[in-house]
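Okay, here's what each chain looks like letter by letter:
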Amino acid sequence: MKKENIVIVGMGFLATYVMACYERLLGDDIGTNCIGIKGSDRGLKERQAQCPFPVIVGKVRETLEERRPDIIVLAVKPDQIGDMTEGTLAPYYQMLREKGEPLPDLYSFAPDPSVDYFYGALGADVNAANMIPNMVSEIEGRHVAPVGVSFVAFDPRRQWPEANRKRALEFLIPTGTVVEVDADKAIPFLSAQCACHLMFELNYIAQDVQKEFGLEKTLSDSAAAYRTVFHKRFQDPCTELIPCAADGVSPELAEFMDVVMEGWYQGVLRFTQSEQIPHEAADRLICGSMEALLMEAQLEPKEQLVQNTKNHATPGGFLEMCLITFHKRGYQYITEQMEKWLKGERNEKLESEIAEISFTVAKAISDHGKTVSGIKR
């Protein structure tokens, strides 16, 4: 059986992160049937050392003509997608049409522009999809991909051949539980996922506040406790991949954590409801994302968590907006509320106020996310 031929345009962090997806699809042929293209030679040697296939700089059109890929993975920065699509990919697809050759499927690894853009830019006969992988697949050598959610969005105007559609839906399986979302929901769906990244910050707060009370506690203590109280809501078998307990924190702090986790969940869920995202997909995304990030905080040192955030928070991107909004609207508030709670001062409105913060964070990310590519339609 013929193995697919893949050209990856934009061989950066994200395209490298999903290496297991190429390996699953190509097997032993990955070295000959895949090639990555970088925009510059910065970090080229390091990337070549990481990849079991050739990585080159530039020459996108020439590589496409030489390779005739079955799949093009588009993983350039969002603000480069317009130029790459209209200046290079569109002429290539047109050349193939004129020669009567099959058109490759396009997997775009950015939520903006949403997949409907490619319908107009490349033609109604092109199979294009937005793909967003879950970014927590392995923690300290432990496979936890099933915990998080990866998603695929198709343009409803394009009827994909069943084999191609199946291949696209299965492509991200190594990265997480895959769900399909509507084309216009990719940005808010990712925004909801991104809002859950603040589980790291909730643990930083817990560690700092406990220190004020003379308690030298680890992030592992707090993360395990956050997970334990959250399991009242999220009871998927995947939660058992890494054991946890709340005995590393006081009963009073565990009680506070319970309220915070429920409030955070409810606020992000309300945001997804405002965007008409189906409940089942939204619930699984929110729960799985919160759980996976807490697993990271439980097992990895703070230095690694900070580095992970830097890897994902590209300038001007979704996570950067998430962090900016939270530090404006929530970090200090949650710190103060935790301090008061541990002194015996209960705030009956805490859950609803936390929910308002997480809703605000998710909405700010989504509003910003709709502008990152700079493509107006």
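Up top you'll find the structure we're talking about.
Note that this is a predicted model, so its numbers are computed, not measured.

Describing the state of the cysteines
Step number 1: For the structure shown, the criterion picks out 0 disulfides.
Step number 2: Distance from the sulfur of cysteine 34, which forms no disulfide, to the nearest cysteine sulfur (cysteine 51) is 8.0 Å.
Step number 3: Look at cysteine 34 and you get buried, because its relative accessible area is 0%.
Step number 4: Cysteine 194 carries a free sulfur, and the closest cysteine sulfur to it, the one in cysteine 322, is 4.5 Å from it.
Step number 5: Of the residues examined, cysteine 194 reaches a relative accessible area of 10% and is grouped as buried.

Focus: the pairing of strand β2 (residues 34-38)
Step number 1: For β2, a buried count of 5 out of 5 residues is recorded, marking the element as mostly surrounded by other parts of the structure.
Step number 2: Of the two faces of β2, the one holding Cys34, Gly36 and Lys38 and the one holding Ile35 and Ile37 are both buried throughout.
Step number 3: Of the pairings in the sheet, the one linking strand β1 (residues 6-9) to β2 comprises 4 bridges and is parallel in character. Bridge assignment links isoleucine 6 to a residue of β2, and that residue is cysteine 34.
Step number 4: Judged from the 3 bridges that link them, β2 and strand β3 (residues 55-57) form a sheet pairing that is parallel. From the neighbouring strand, isoleucine 37 faces β3, where its bridge partner is isoleucine 56.
Step number 5: Since β2 and β3 lie parallel, the crossover through helix α4 (residues 44-50) that links them has a hand, and here it is right-handed.

Conventions we followed
- Residues numbered from 1 in each chain as written.
- Predicted model: local features only at pLDDT ≥ 70, side-chain atom pairs only at ≥ 80, totals over all residues.
- Heavy atoms only, no water.
- Disulfide = S-S within 2.5 Å.
- Buried < 20%, exposed > 50% of the residue type's maximum accessible area, 1.4 Å probe, protein only.
- Helix = DSSP H or I, 4+ residues; strand = E, 2+ residues; numbered from the N terminus.
- Pairing = 2+ DSSP bridges.
- Right-handed = clockwise from strand over helix to strand, strands pointing away.

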